[in-house]
Amino acid sequence: MAILDNFLLIGLPYTALIVFLVGTIYRYKATKFSYSSLSSQFLEGRQLFWGAMAFHWGILFLFFGHLTAFLIPRQVITFNSHPLRLLILEVTAFAFGLIVLFGIITLLVRRISNPRLKPVTSRMDIVIIALLIVEVVLGLLVALNARWGSTWFAAVLTPYLRSIFILQPDIAAVSALPWLIKWHIVGAYVIFGLIPFTRLVHLLVVPLHYLWRPYQRVLWAWPRKKVRDPNSEWTFTKPGNN
Amino acid sequence: MDVRAQISMVFHLDKCIGCHTCSIACKNIWTDRKGAEYMWWNNVETKPGTGYPTKWEDQEIYKGGWEKKPGGNARLKGAGKLRGLLNIFHNPHLPVIDDYYEPFTYKYLDLIESPAGDDQPTARPVSLITGKPMDIKMGPNWDDDLSGTPDYARQDPNLKDLSPAEQEAMFQLERMAFFYLPRICNHCLNPACVASCPSGAIYKRGEDGVVLINQKVCRAWRMCVTACPYKKSYFNWGTGKSEKCILCYPRLEAGYAPACMHSCVGRIRYLGVMLYDADSISEVVNNIEKDVDLVNQQLGMLLDPFSESVIKAAKENGISDSTLKAAQDSPVYKFVKEWGLALPLHPEFRTLPMLFYVPPLLPVMASLSAADHGEQAKKMDPAAKFWNDGWLYNTSTEELWGTIDQARFPLKYLASMFSAGDEEKIKAILKKLMAVRIYRRWKTVGDVNEEKAAAVLKDAGLTADTAEGIYYLTSLAKFDDRFVIPPAHREQAIEMLEFAGDTKGSVGFGFKEKPERGW
Ligand code: SF4
Ligand code: SF4
């Protein structure tokens with residue numbers, strides 16, 4: 001068992017991390033054109049509304065939930081020390097899990113049932129949707145079978161993940177966890193490693209810079225004013241549109 | 001004063017014959033590809049009509065353009081920083097393919113390949129999206145020439161300001177008229193598409209004002225499709241990128257006219273340089289409260305290329321002499337500023353569109369007077385008597401003067417398209433157009449007397465010289481009169497796309513990458 005644990009809990013995360021880094025950077029450099037999610041709203045909008053809204057908002061909540069427990073475990077545990085607060089947190093998280101499940105299944109059904117979407121659906125789209133469904137179902141089962149995850153996550157998983165990040169992997173505590181939880185962790189690594197090969201790359205290019213750029217953009221390919229300034233370097237100009 | 005140059009177009013609507021040659025030329029060059037089949041960067045619609053995509057002018061449906069509440073700044077109606085980002089997972093205002101039409105082709109091969117039989121083989125229509133047989137319910141120019149129809153003409157969003165009686169009158173069989181409206185991207189000064197793009201993929205070129213979408217930066221957030229009130233930014237469903245009219249910039253840079261203009265059968269299009277004051281954009285867009293004032297304000301931003309101060313400021317801004325020369329010879333400047341004949345399309349969207357239209361006189365031309373058709377009606381079959389409505393539709397030039405108000409095509413309708421509702425503006429232009437006709441009629445046919453010709457010119461505020469100028473540019477202009485742009489300077493044009501210094505010294509080696517070693 002130790003070998004399997006070592007592989008899944010140490011080997012896999014590092015592999016996924018390296019594949020993720022190399023893959024996303026390479027894809028950005030080499031095929032920038034494909035660096036987005038191929039939106040299909042133009043072909044079908046109604047089902048997408050239910051699917052995409054539920055999925056995205058739900059997964060955002062869950063992702064930042066996990067991230068919070070990772071970043072500030074102590075505060076989370078303190079917060080949970082009150083049973084009512086713990087209950088509310090768990091129930092909310094579970095509800096969001098259900099919302100995500102509803103969303104992603106809607107998206108899958110939509111992809112499969114609408115003939116218009118076939119030409120814009122790639123094999124990796126289906127693979128990643130299937131994986132996400134498995135991952136969400138596992139997460140929901142974990143929440144049901146190994147209750148109060150927000151607390152034990154902070155106590156067990158946070159130190160483990162931190163040990164991974166500081167390159168001193170310590171799996172003593174995690175390997176004792178039930179397999180259900182371990183598979184949920186493994187699922188997360190697999191999905192993480194697959195990001196560069198799927199439409200999920202779009203989450204790396206969330207256009208938040210929109211918030212602080214001016215609304216209008218005018219590009220001068222050849223800013224003659226600057227060119228005529230004898231003090232400017234002659235190689236200062238780079239085409240702004242490429 | 002921040003002087004910039006813009007390549008701008010005038011469409012003389014009286015001359016458009018609705019042949020769609022322009023659309024086809026554009027399609028053949030740019031949009032005959034998977035995912036773009038449904039796009040018509042140039043389209044020609046019949047007005048009154050619903051247009052393409054259906055009812056695009058109705059911003060209550062599509063939420064395009066800018067809206068301005070009293071006192072506040074203009075904001076995007078259906079997009080913007082906060083709204084755009086919150087709606088990024090699902091844009092509630094995105095038109096879908098059915099608002100345009102599902103692209104289709106026919107299985108032509110079946111005509112040839114089908115085995116001999118008793119029936120004629122047919123070529124069934126198949127969808128270009130799914131490849132499956134489909135029933136065609138919509139297509140490009142589905143409402144072509146269909147004035148008066150309940151499904152199309154009467155759904156025209158521009159009719160909303162007309163009273164039911166006026167609408168009825170407009171669609172009486174004998175009065176019915178229509179005209180064609182060719183449309184491309186307006187290459188606006190305050191483009192809503194640029195402002196709405198979360199990725200910042202869309203930009204306006206400083207040199208010539210062409211608005212372009214960088215295909216590598218566009219990431220399918222779809223906001224520009226909503227934001228453009230003219231629905232001239234299209235979503236390519238195959239590549240997941242937005243695309244739009246590029247004003248044939250590769251052709252412009254090589255000294256050729258855009259394909260739509262070059263192929264135009266009616267020779268309705270004029271292309272030239274306009275100088276404008278970029279400093280006043282925000283002032284006009286954000287501070288002008290009333291929509292009707294927008295036209296004058298926008299026309300006020302366009303600068304006189306002969307004025308000393310403008311030339312000086314332009315040169316300081318690095319605008320080259322050849323561009324200034326082109327601006328002085330610009331046919332667009334003549335139509336828009338000198339003669340005041342052309343207006344922007346739907347200025348109330350506040351994008352400051354930079355294409356201009358000479359409103360059509362022909363559908364207006366015909367006055368109404370009461371007449372007794374009783375005698376004539378007696379001779380007719382009872383079934384045909386419905387036409388006897390007691391009107392005489394007089395289309396002779398002589399009678400029209402002074403009756404433009406009662407014209408068969410309500411000025412209000414044209415005003416809602418070209419002047420944000422200001423009928424006086426339309427009237428002044430139509431009068432000028434009419435005056436030129438009457439003046440030329442005196443000259444060539446001679447059935448109008450000189451006093452009358454002089455009087456109408458004076459009434460319309462024209463001189464004989466101007467009338468000749470208008471007549472020349474409208475009727476006789478050669479290609480080089482209609483197409484006046486500065487050279488893009490081929491040697492410099494390349495620098496609009498890439499930094500030529502990188503490739504210096506590598507010519508002949510067959511690569512365009514930098515001859516540079518990182519490791
Ligand atoms: S008309 Fe062209 S420039 Fe203006 S908003 Fe639409 S796409 Fe942008
Ligand atoms: S080619 Fe010219 S005349 Fe023909 S439809 Fe187009 S704009 Fe009108």
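Structural notes, computed from the coordinates. The structure displayed is predicted, hence computed values, not measured ones.

Our focus in this paragraph is the site of ligand 2. Not every one of the 14 residues close to ligand 2 is listed here, only the nearest: Cys-16, Cys-19, His-20, Cys-22 and Cys-264 of chain B. Per-class residue counts for the shell around ligand 2 are 9 nonpolar, 4 polar and 1 charged.

On the side of chain B, 66 residues touch chain A, which itself brings 50 residues to the contact. Both sides of the chain A and chain B interface together cover about 5500 Å² of buried area, and 59% of this is carbon and sulfur. Among the residues of chain A in contact with chain B, Phe-33, Phe-42 and Tyr-210 of chain A are the three that bury the most area, contributing 15% of the side total. Here chain A is connected to chain B by 2 salt bridges. Between Arg-116 of chain A and Glu-102 of chain B there is a salt bridge, and its shortest N-O distance comes to 2.7 Å. The interface formed by chain A and chain B includes 22 residue pairs in polar contact (both at pLDDT 80 or more). Those elements giving two or more residues to the side of chain A that touches chain B turn out to be α2 (46-71), β1 (218-219) and α9 (224-227) of chain A. Among the elements that line the side of chain A that touches chain B, the one with the most residues is α2 of chain A, at 7 residues. Classifying every residue of the side of chain A that touches chain B by side-chain character gives 29 nonpolar, 13 polar and 8 charged.

All right, on to the sheet that holds strand β12 (residues 269-277) of chain B then. Residues and elements named next belong to chain B. Spatial strand order, β13-β14-β1-β12-β17: 5 strands in an open sheet with mixed pairing. Each of the sheet's edge strands pairs with one partner strand only, and the pair in question is β13 (343-344) and β17 (483-484). One ladder, built from 2 bridges, connects β13 with strand β14 (residues 355-358); its direction is antiparallel. Across the sheet, Leu-343 pairs through a bridge with Tyr-357, a residue of β14.

All right, on to the packing of helix α19 (residues 423-444) of chain B against helix α20 (residues 450-460) of chain B then. Residue and element names in this part refer to chain B. The contact between α19 and α20 brings their axes to 9 Å, and the two run at 160°. In terms of orientation, α19 and α20 fall into the roughly antiparallel class. Between α19 and α20 the crossing geometry is left-handed. For the pair α19 and α20, the contacting residues are Lys-431, Lys-432, Ala-435, Ile-438, Tyr-439 and Trp-442 in the first and Glu-450, Lys-452, Ala-453, Val-456, Leu-457, Asp-459 and Ala-460 in the second.

This next bit is on helix α8 (residues 179-194) of chain A. The terminal C-alpha atoms of α8 of chain A lie 22 Å apart, and with 16 residues this matches the ideal 22 Å at 1.5 Å per residue to within 8%. As for α8 of chain A, its buried residues are in contact with α1 (2-30), α2, α5 (123-145), α6 (149-165) and α7 (172-175) of chain A.

Let us look at the pairing of β12 of chain B. Residues and elements named next belong to chain B. Most of β12 is tucked away, with 9 of its 9 residues classed as buried. Alternating positions in β12 separate into two faces, Arg-269, Leu-271, Val-273, Leu-275 and Asp-277 on one and Tyr-270, Gly-272, Met-274 and Tyr-276 on the other, with burial throughout. Sheet topology places β12 next to β17; 2 bridges connect them, and they run parallel. Paired with Leu-271 across the strands is Phe-483, a residue of β17.

To continue, consider the site of ligand 1. Around ligand 1 lies a shell formed by Cys-185, Asn-186, His-187, Cys-188, Pro-191, Ala-192, Cys-193, Val-211, Cys-228, Tyr-230 and Lys-244 of chain B. Of the residues assigned to the shell around ligand 1, the class counts are 8 nonpolar, 2 polar and 1 charged.

What follows is about the pattern of salt bridges. The final tally for this structure, using the stated rule, is 29 salt bridges over all chains. Across the salt bridge formed by Asp-125 of chain A and Arg-199 of chain A, the nearest N and O atoms sit 3.1 Å from each other. Residue Asp-125 of chain A is found in helix α5, and its partner Arg-199 of chain A is found in the loop between α8 and β1; the two are separated by 74 residues along the sequence. We note that Asp-125 of chain A, like Arg-199 of chain A, is buried. Residue Arg-154 of chain B pairs with Glu-168 of chain B through a salt bridge whose shortest N-O separation is 3.1 Å. Of the two residues, Arg-154 of chain B is situated in the loop between β6 (125-127) and α6 (164-170) and Glu-168 of chain B in helix α6; the sequence distance between them amounts to 14 residues. Each of Arg-111, Asp-125 and Arg-199 of chain A takes part in a single network of salt bridges with overlapping partners.

The rules we used
- Residues numbered from 1 in each chain as written.
- Chains lettered and ligands numbered in written order.
- Predicted model: local features only at pLDDT ≥ 70, side-chain atom pairs only at ≥ 80, totals over all residues.
- Heavy atoms only, no water.
- Near = heavy atom within 4 Å.
- Nonpolar A, V, L, I, M, F, W, Y, C, P; charged D, E, K, R; others polar.
- Contact = heavy atoms within 4.5 Å.
- Buried area = accessible area lost by both parts, 1.4 Å probe.
- Salt bridge = Lys/Arg side-chain N within 4 Å of Asp/Glu carboxyl O.
- Polar contact = N/O pair within 3.5 Å; in protein donor to acceptor, adjacent residues only side chain to side chain.
- Helix = DSSP H or I, 4+ residues; strand = E, 2+ residues; numbered from the N terminus.
- Pairing = 2+ DSSP bridges.
- Axes fitted to C-alpha atoms, helices over the stretch in contact; angles between N-to-C directions.
- Parallel < 35°, antiparallel > 145°, perpendicular 65-115°, else oblique.
- Left-handed = near helix turned anticlockwise from the far one by under 90°.
- Expected span 1.5 Å × (residues − 1).
- Buried < 20%, exposed > 50% of the residue type's maximum accessible area, 1.4 Å probe, protein only.

Read these as layout, nothing more, since geometry by itself doesn't imply function.
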